[in-house]
Amino acid sequence: MSGLRWLQMSEEELDEFLGDGGTGILSFSTGSDEPPLSLPVSYGYLADTGRFHYRLAIPEDSSKERYLDRPVSFVVHDHTDEGWRSVIASGKLEDLTELPYEADALQERWGVDIPLVDIFEKPPDDVTFRQFRLDPERLSGRKEVKT
(Lines give C-alpha, C1' and ligand atoms only; values in the text may rest on other atoms or scores of the structure.)
Protein backbone atom coordinates (compact mmCIF):
# COMPACT_ATOMS: atom_id res chain seq x y z
CA MET A 1 0.00 0.00 0.00
CA SER A 2 2.58 2.54 -1.01
CA GLY A 3 1.36 6.10 -1.30
CA LEU A 4 -0.92 5.86 1.75
CA ARG A 5 -0.68 7.44 5.17
CA TRP A 6 -2.97 7.20 8.17
CA LEU A 7 -3.87 10.36 10.06
CA GLN A 8 -5.91 11.01 13.18
CA MET A 9 -9.41 12.25 12.45
CA SER A 10 -10.44 15.60 13.91
CA GLU A 11 -13.40 15.66 16.31
CA GLU A 12 -15.59 17.06 13.54
CA GLU A 13 -14.51 14.32 11.10
CA LEU A 14 -15.09 11.67 13.74
CA ASP A 15 -18.61 12.96 14.49
CA GLU A 16 -19.42 13.18 10.77
CA PHE A 17 -18.20 9.62 10.15
CA LEU A 18 -20.17 8.15 13.07
CA GLY A 19 -23.27 10.13 12.10
CA ASP A 20 -26.22 9.39 14.36
CA GLY A 21 -25.66 5.64 14.28
CA GLY A 22 -24.91 2.55 12.29
CA THR A 23 -23.23 -0.78 12.90
CA GLY A 24 -19.93 -1.85 14.42
CA ILE A 25 -18.22 -4.52 16.50
CA LEU A 26 -18.50 -4.47 20.31
CA SER A 27 -15.83 -6.59 22.04
CA PHE A 28 -15.89 -7.57 25.72
CA SER A 29 -12.80 -8.43 27.75
CA THR A 30 -12.96 -12.10 28.75
CA GLY A 31 -9.66 -12.89 30.45
CA SER A 32 -6.03 -13.42 29.59
CA ASP A 33 -6.42 -16.95 28.21
CA GLU A 34 -9.58 -16.40 26.14
CA PRO A 35 -10.24 -14.34 23.02
CA PRO A 36 -12.54 -11.34 23.50
CA LEU A 37 -16.27 -11.84 23.01
CA SER A 38 -16.99 -9.81 19.86
CA LEU A 39 -20.48 -9.04 18.60
CA PRO A 40 -21.78 -7.14 15.57
CA VAL A 41 -24.20 -4.53 16.92
CA SER A 42 -26.23 -1.53 15.88
CA TYR A 43 -25.48 1.73 17.67
CA GLY A 44 -26.81 5.21 18.13
CA TYR A 45 -24.35 8.08 18.58
CA LEU A 46 -24.78 11.54 20.08
CA ALA A 47 -22.10 13.90 18.81
CA ASP A 48 -22.85 16.56 21.45
CA THR A 49 -22.01 14.12 24.29
CA GLY A 50 -19.70 11.69 22.45
CA ARG A 51 -21.73 8.76 23.82
CA PHE A 52 -22.81 5.55 22.13
CA HIS A 53 -26.08 3.74 22.82
CA TYR A 54 -26.83 0.08 22.21
CA ARG A 55 -29.85 -2.20 22.31
CA LEU A 56 -28.38 -5.64 23.05
CA ALA A 57 -30.23 -8.94 22.87
CA ILE A 58 -29.60 -10.78 26.16
CA PRO A 59 -31.63 -14.00 26.23
CA GLU A 60 -32.03 -15.75 29.60
CA ASP A 61 -29.54 -18.48 28.72
CA SER A 62 -26.98 -16.09 27.17
CA SER A 63 -23.31 -16.27 28.11
CA LYS A 64 -23.06 -12.51 27.40
CA GLU A 65 -24.46 -11.72 30.85
CA ARG A 66 -21.17 -12.53 32.61
CA TYR A 67 -19.19 -10.08 30.44
CA LEU A 68 -21.43 -7.01 30.67
CA ASP A 69 -19.50 -5.40 33.55
CA ARG A 70 -16.09 -5.86 31.90
CA PRO A 71 -14.18 -3.32 29.75
CA VAL A 72 -15.25 -3.08 26.12
CA SER A 73 -13.90 -1.75 22.87
CA PHE A 74 -16.15 -0.68 20.03
CA VAL A 75 -14.96 -0.44 16.41
CA VAL A 76 -16.68 1.18 13.43
CA HIS A 77 -14.99 1.14 10.03
CA ASP A 78 -15.98 1.83 6.46
CA HIS A 79 -14.62 2.75 3.06
CA THR A 80 -15.95 6.19 2.16
CA ASP A 81 -15.48 8.34 -0.96
CA GLU A 82 -12.36 9.75 0.74
CA GLY A 83 -10.92 6.30 1.62
CA TRP A 84 -10.91 4.08 4.70
CA ARG A 85 -12.07 5.45 8.05
CA SER A 86 -12.13 3.79 11.46
CA VAL A 87 -13.10 4.75 14.99
CA ILE A 88 -12.26 2.93 18.21
CA ALA A 89 -13.98 3.69 21.52
CA SER A 90 -13.21 1.96 24.80
CA GLY A 91 -14.58 2.01 28.34
CA LYS A 92 -17.32 0.27 30.32
CA LEU A 93 -20.98 -0.10 29.47
CA GLU A 94 -23.66 1.46 31.64
CA ASP A 95 -26.88 -0.55 31.85
CA LEU A 96 -29.86 1.79 31.37
CA THR A 97 -32.52 -0.92 31.32
CA GLU A 98 -33.81 -0.56 34.89
CA LEU A 99 -33.41 3.21 35.29
CA PRO A 100 -36.50 5.22 36.15
CA TYR A 101 -38.09 7.05 33.24
CA GLU A 102 -36.98 10.43 34.66
CA ALA A 103 -33.26 9.52 34.75
CA ASP A 104 -31.08 11.79 32.60
CA ALA A 105 -29.31 8.82 30.99
CA LEU A 106 -32.60 7.26 29.93
CA GLN A 107 -33.92 10.58 28.61
CA GLU A 108 -30.72 10.86 26.56
CA ARG A 109 -31.33 7.34 25.21
CA TRP A 110 -34.76 8.33 23.92
CA GLY A 111 -33.04 10.96 21.75
CA VAL A 112 -31.03 8.27 19.90
CA ASP A 113 -32.24 6.28 16.92
CA ILE A 114 -30.52 2.88 16.92
CA PRO A 115 -30.86 1.08 13.59
CA LEU A 116 -32.86 -2.12 13.99
CA VAL A 117 -31.36 -5.18 12.37
CA ASP A 118 -33.47 -8.34 12.55
CA ILE A 119 -30.96 -11.21 12.70
CA PHE A 120 -32.70 -13.37 15.26
CA GLU A 121 -34.47 -16.67 14.81
CA LYS A 122 -37.48 -15.26 16.68
CA PRO A 123 -39.59 -12.18 15.98
CA PRO A 124 -38.02 -9.09 17.64
CA ASP A 125 -40.99 -8.86 20.05
CA ASP A 126 -40.00 -12.28 21.43
CA VAL A 127 -36.33 -11.33 22.06
CA THR A 128 -35.19 -9.82 25.39
CA PHE A 129 -33.31 -6.57 24.83
CA ARG A 130 -31.47 -4.36 27.29
CA GLN A 131 -30.36 -0.76 26.83
CA PHE A 132 -26.71 0.25 27.34
CA ARG A 133 -24.61 3.38 27.02
CA LEU A 134 -20.88 3.80 26.47
CA ASP A 135 -19.31 7.07 27.58
CA PRO A 136 -15.84 6.31 26.16
CA GLU A 137 -12.74 6.69 28.27
CA ARG A 138 -10.83 6.76 24.97
CA LEU A 139 -12.14 7.68 21.53
CA SER A 140 -10.00 7.97 18.43
CA GLY A 141 -10.45 7.88 14.70
CA ARG A 142 -8.09 7.36 11.81
CA LYS A 143 -8.39 8.12 8.13
CA GLU A 144 -6.58 7.00 5.03
CA VAL A 145 -4.80 9.76 3.11
CA LYS A 146 -3.40 9.12 -0.34
CA THR A 147 -0.03 10.74 -0.94
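The preceding data block contains the structure.
Rules used in this analysis
Residues numbered from 1 in each chain as written. Predicted model: local features only at pLDDT ≥ 70, side-chain atom pairs only at ≥ 80, totals over all residues. Heavy atoms only, no water. Helix = DSSP H or I, 4+ residues; strand = E, 2+ residues; numbered from the N terminus. Contact = heavy atoms within 4.5 Å. Areas by Shrake-Rupley, 256 points an atom, 1.4 Å probe, with all protein chains shown as cover. Salt bridge = Lys/Arg side-chain N within 4 Å of Asp/Glu carboxyl O. Buried < 20%, exposed > 50% of the residue type's maximum accessible area, 1.4 Å probe, protein only. Arc of directions from axis to C-beta. Phe/Tyr/Trp six-rings, centres within 6.5 Å; stacked < 30°, edge-to-face > 60°. Lys NZ or Arg CZ within 6 Å of the ring centre and 35° of its normal. Core = buried A, V, L, I, M, F, W, Y, C linked by side-chain atoms within 4.5 Å. Lys, Arg positive; Asp, Glu negative; His and termini not counted. Polar contact = N/O pair within 3.5 Å; in protein donor to acceptor, adjacent residues only side chain to side chain.

Now for the overall build of the protein. Regarding its fold elements, the protein presents 2 helices and 8 strands. In sequence order, the secondary structure elements of the protein are arranged as β-α-β-β-β-β-β-α-β-β. Put simply, 71% of the contacts in the protein that link residues at least 6 apart link residues at least 24 apart. A total of about 9200 Å² of accessible surface is found on the protein, and carbon and sulfur atoms cover 48% of it.

This part takes up the pattern of salt bridges. What the rule picks out here adds up to 5 salt bridges. Salt bridges linked by common partners bring Glu-65, Asp-95 and Arg-130 together as one network.

What follows concerns helix H1 (residues 11-18). Residues Leu-14, Asp-15, Phe-17 and Leu-18 constitute the buried set of H1. Buried residues along H1 cover an arc of 165° about the axis, so they all sit on one side. Exposed side of H1, more than 90 degrees from the buried face: Glu-12 and Glu-16 are the residues found there. Against the buried residues of H1 lie strand S2 (21-28), strand S3 (37-46), strand S4 (51-57), strand S5 (71-80), strand S6 (83-95) and strand S8 (138-146). At the C-terminal side of H1, Gly-19 shows a positive phi close to 60°.

Summed over all chains, the structure comprises 5 aromatic pairs. An angle of 45° between the planes, with centres 4.9 Å apart, marks the rings of Tyr-45 and Phe-52 as tilted. In terms of burial, Tyr-45 and Phe-52 fall into one category: buried. A ring pair is formed by Tyr-54 and Phe-74, whose centres lie 5.1 Å apart and whose planes are at 75°; its orientation type is edge-to-face. Here the residue Tyr-54 occupies a position in strand S4, and Phe-74 occupies one in strand S5, the gap between them amounting to 20 residues. Given a relative accessible area of 1%, Phe-74 falls into the buried group. The rings of Tyr-43, Tyr-45, Phe-52, Tyr-54 and Phe-74 are connected pair by pair, giving a single aromatic cluster. Between the NZ or CZ atom of Arg-55 and the centre of the ring of Phe-129, over which it lies, the distance is 3.7 Å.

Among the nonpolar cores identified, the biggest contains 24 residues, and Tyr-54 and Phe-74 are the most heavily contacted of them. Elements represented by at least two residues in this core include exactly H1, S2, S3, S4, S5, S6 and strand S7 (129-134). The element contributing the most residues to this core is S3, with 4 residues. Ignoring anything within four residues of it in the chain, the contact list for Tyr-54 reads Leu-26, Val-41, Ser-42, Tyr-43, Phe-74, Leu-93, Ile-114, Arg-130, Gln-131, Phe-132 and Leu-134.

Turning to the side chain of Arg-85, a few remarks are in order. Here Arg-85 is to be found in strand S6. For the buried Arg-85, no salt bridge exists, and the shortest N-O distance to an oppositely charged side chain is 4.1 Å, to Glu-82. A distance of 3.4 Å separates the side chain of Arg-85 from the backbone oxygen of Glu-144, its partner in a polar contact. Look past the residues within four positions of Arg-85 in its chain and what remains in contact with it is Met-9, Phe-17, Val-76, His-77, Asp-78, Thr-80, Arg-142, Lys-143 and Glu-144.

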